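# Residue-level structural notes
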Amino acid sequence: MGFKLHNFYMNSAGRRVRTVLHLKNIPFDYVSVDISPASEAQLGDAYGKINPMRLIPTLEHDGVLLTESLAICDYLEELYPTPSLYPADRMERAHAKAIAMTVAAAIHPLHNTRVMKYLGQSLHLDQKASAEWYVHWADKGLHALEALIERAEQSRQEDGSFVFGKVPSIADIFILPQIENYKKLGLNLEPYARVCRVVDACNIHPAFIKAAPENQPDFPSP
Ligand SMILES: N[C@@H](CCC(=O)N[C@@H](CS)C(=O)NCC(=O)O)C(=O)O
């Protein structure tokens, strides 16, 4: 039966999984779940049966449903160990996962669509206050990522533009979509030179290009 990825072109957590699928050359069917404000397909009961948190992505493998992008990436890593998503060194592997989790667990949830919507519609924060919330947490996250990349550079085994050297790891795969969201919103990334270097390296890598929003089947035609 193979793999089916429930996701959406502008879904940053789905983009992480798409990148891994392309990096490992794993064929998959693309199932579009429209999370735009006009549709909110993820909130319906049909998708709720697929993913109880009603978040995307969900990976379906031989009829079994897997949720949470990091767990999905690790599952794919176990099935297809080459090329690896993790550095060879045990300590670096822990650092790489910590960076991925910083994005997935500490940064991204504070910006999620449902959180921003709740701030506006239920807590009645005006646009300026909501934007302040977003930028406040983005800055904290960016500072942390810059420092974590610097720390990785001090202990890594090889130089290179990616966090752990010349090939991308789970750290780069989780950093890129988050920073692309910030770029789209016009946040000032100049103070974060290391983050920007990683993003530039990802954006010219074939697997990252294949996973980019504009290269997905549900990307709106002009
Ligand atoms: N921790 C989850 C996060 C998934 C997530 O938040 N997905 C977002 C899109 S990037 C979503 O479905 N948002 C819809 C909403 O907030 O209702 C993961 O890593 O898979």
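What you are looking at is a predicted structure, and each value in this text was computed from that prediction instead of being measured.

## Concerning the site of the ligand
Around the ligand, a shell composed of 14 residues is seen, among which A13, L55, S69, T113 and R114 lie nearest. Contributions of two or more residues to the shell around the ligand are made by α1 (12–23) and α5 (113–122). In the shell around the ligand, the residues fall into six nonpolar, six polar and two charged. For the shell around the ligand, the two domains that each supply at least three residues are domain 1 (3–83) and domain 2 (90–207).

## Examining the domain arrangement of the protein
Examined at the domain level, the protein breaks down into domain 1 (3–83) and domain 2 (90–207). Using C-alpha coordinates to define each centre, domain 1 is positioned 20 Å away from domain 2. Of all the secondary structure elements, the ones that give two or more residues to the side of domain 1 that touches domain 2 are α1 and α3 (69–79). Here the side of domain 1 that touches domain 2 gets eight residues from one element, more than from any other, and that element is α1. For the side of domain 1 that touches domain 2, a count of residues per class yields seven nonpolar, four polar and two charged.

## A few points about the sheet that holds strand β3 (residues 58–61)
Ordered in space as β2-β1-β3-β4, the four strands form an open sheet in which the pairing is mixed. The sheet terminates laterally at β2 (28–32) and β4 (64–67), the two strands that pair on one side only. Averaged over neighbouring strand pairs, the angle between their axes works out to 25 degrees when direction is ignored. Bridge analysis of strand β1 (residues 3–7) against β3 gives four bridges, and the strand direction is antiparallel. Bridged to H6 within β3 is T58.

## Overview of the nonpolar core
A general feature of soluble globular proteins is that nonpolar side chains tend to end up buried together. Core analysis: the largest hydrophobic core is formed by 41 residues, its most contacted members being I99, I170, A171, F174, I175 and V195. For this core, the secondary-structure elements that each account for two or more residues are α1, α3, α4 (90–107), α6 (127–155), α7 (170–184) and α8 (193–202). Among the elements that make up this core, the one with the highest residue count is α7 (eight residues). For this core, the domains that each give at least three residues are domain 1 (3–83) and domain 2 (90–207). Excluding residues that lie within four positions of it along the chain, F174 makes contacts with R16, I99, A100, V103 and A104. Counting eight residues, the second-largest nonpolar core is a separate cluster that includes F8, M10, V33 and I56.

## Description of the pairing of β3
Judged from the four bridges that link them, β3 and β4 form a sheet pairing that is antiparallel. Paired with E60 across the strands is L65, a residue of β4. What sits between the antiparallel neighbours β3 and β4 is a turn of two residues, in which D62 has the positive phi angle 50 degrees.

## Quick look at the packing of α1 against α3
One can describe the packing of α1 onto α3 by two numbers: an axis separation of 9 Å at closest approach and a directional angle of 10 degrees. For the element pair α1 / α3, the angle class is roughly parallel. Facing A13, R16, V17, V20 and L21 of α1, the residues of α3 in contact are S69, I72, C73 and L76. When the residues that make up the contact of α1 with α3 are grouped by side-chain class, the tally is seven nonpolar, one polar and one charged.

## Thoughts on unusual backbone geometry
Here the bond from I56 into P57 is cis, since omega is 15 degrees, no more than 30 degrees from zero. By the element assignment, P57 lies in the loop between α2 (45–50) and β3. Of note, the bond from T82 into P83 is cis; its omega dihedral lies within 30 degrees of zero at -10 degrees. Counting through the fold element by element, P83 comes out in the loop between α3 and α4. The backbone of E40 shows a phi angle near 50 degrees, a positive value even though the residue is not glycine.

What counts and what doesn't
- Residues numbered from 1 in each chain as written.
- Predicted model: local features only at pLDDT ≥ 70, side-chain atom pairs only at ≥ 80, totals over all residues.
- Near = placed C-beta within 6 Å.
- Helix = DSSP H or I, 4+ residues; strand = E, 2+ residues; numbered from the N terminus.
- Nonpolar A, V, L, I, M, F, W, Y, C, P; charged D, E, K, R; others polar.
- Domains from an automatic or database assignment.
- Pairing = 2+ DSSP bridges.
- Axes fitted to C-alpha atoms, helices over the stretch in contact; angles between N-to-C directions.
- Core = buried A, V, L, I, M, F, W, Y, C linked by C-beta atoms within 7 Å.
- Buried ≥ 20, exposed ≤ 12 C-beta atoms within 10 Å, placed from the backbone.
- Contact = placed C-beta atoms within 7 Å.
- Parallel < 35°, antiparallel > 145°, perpendicular 65-115°, else oblique.

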